[in-house]
Amino acid sequence: MKTAVIVRTLIVFCLLICIVVQATMIKKMNKKLEQVVILDVDNDSLVTYSPEFLESKTVVLTPRYVDRFSTCQSPFRDGKEFNTLLKEYVHSNWADLYGARRGSKACRRIHEGIDLFVPENTPVYPIAAYGIVTEVSDNPNFMIEVGCTREDGTAGTTLVEYGKIVRVAYPEGIESVYAHLNDVFVELGQEVFADTQLGITGITGNLVRSGKPSHLHLELRDADHVSFDPRNRLRYNKTNFSHFLALLNLGETDD
Ligand SMILES: [Zn+2]
């Protein structure tokens, strides 16, 4: 009789422990699930699950998302294909495209973006469906340090006046930089979607002194922040999410 009571008590005790362990596991699993962001496509639109994105640690891109959003969209949200855009809005094939000569004899550099001539104050948008703002400045004289080649052939750096800028990183492993803007409408760390207005084109930075008309200076950079010819984006298959995951901690880091 006494043994039966002990056995029963033990069973009840074990059951209680099981319930507690299970509850803890479910709680842990839910917490893990909260840290996952799934990018998917439904009816041709981007769908994201887990809205607390900046606290998340994992991004999952479904095949549907990759299929639908693997190419760049026009920064003007005019429905134009990226390659058409390059042809239509560039004035000069030798001066406005990527790789054109810039700088002075003392410090030669290349044009690290493309110049797209659209009317002043034209709204600009992300070039992919989803991204995070990683740099923003509303200083009309904002400068960025870039690499150049000195007269003696050695590598140097110089400050280039980009003016008001927005930089957006995408889970595809690329980032876009918009320069010479008249105004910026987003904040550092902000999630942006295809229809988020980042700013408006204008005349800021070194464009003020260049005598050129207002245009969007658009740069595409890879996960290591190295610029590449936007025309190559059409054949760009490198996918590197790691840098994007690092950005998810943007609010917690010092830099
Ligand atoms: Zn430019």
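Calculation notes
- Residues numbered from 1 in each chain as written.
- Predicted model: local features only at pLDDT ≥ 70, side-chain atom pairs only at ≥ 80, totals over all residues.
- Pairing = 2+ DSSP bridges.
- Helix = DSSP H or I, 4+ residues; strand = E, 2+ residues; numbered from the N terminus.
- Axes fitted to C-alpha atoms, helices over the stretch in contact; angles between N-to-C directions.
- Core = buried A, V, L, I, M, F, W, Y, C linked by C-beta atoms within 7 Å.
- Buried ≥ 20, exposed ≤ 12 C-beta atoms within 10 Å, placed from the backbone.
- Contact = placed C-beta atoms within 7 Å.
- Arc of directions from axis to C-beta.

1. Quick notes on the sheet that holds strand E5 (residues 107-110)
Backbone hydrogen bonds hold the strands of a sheet together, and the pairing may be parallel or antiparallel.
Argument step 1. With antiparallel pairing, 4 strands are arranged side by side in an open sheet as E4-E5-E9-E10. On the outer flanks of this sheet lie strand E4 (101-104) and strand E10 (155-161), each paired with one strand and no other. Between one strand and the next, the sheet's axes are offset by a mean angle of 40°, whatever the strand orientation.
Argument step 2. With 4 bridges connecting them, E4 and E5 associate as antiparallel partners. Of the residues in E5, the one forming a bridge with Arg102 is Arg109.

2. A word on the nonpolar core
Argument step 1. With 35 residues, the main nonpolar core has Ile165, Val166, Val168, Tyr178 and Leu198 as its most contacted residues.
Argument step 2. Of all the elements in the fold, those that place two or more residues in this core are helix H3 (82-89), strand E6 (114-116), strand E8 (130-137), strand E11 (164-169), strand E12 (174-181) and strand E16 (216-222).
Argument step 3. Among the elements that take part in this core, E12 stands out by supplying 5 residues, more than any other.
Argument step 4. Excluding its chain neighbours within four sequence positions, the residues that come into contact with Ile165 are Glu135, Val136, Ser137, Phe142, Val177, Tyr178, Ala179 and Leu181.

3. Concerning H3
Argument step 1. Buried within H3 we find Leu85, Leu86 and Tyr89. The arc that holds the buried residues of H3, viewed along the axis, is 100°, so those residues lie on one side. Of the exposed residues in H3, those oriented more than 90 degrees away from the buried face are Thr84 and Lys87.
Argument step 2. Residues of H3 that are buried sit in contact with E6.

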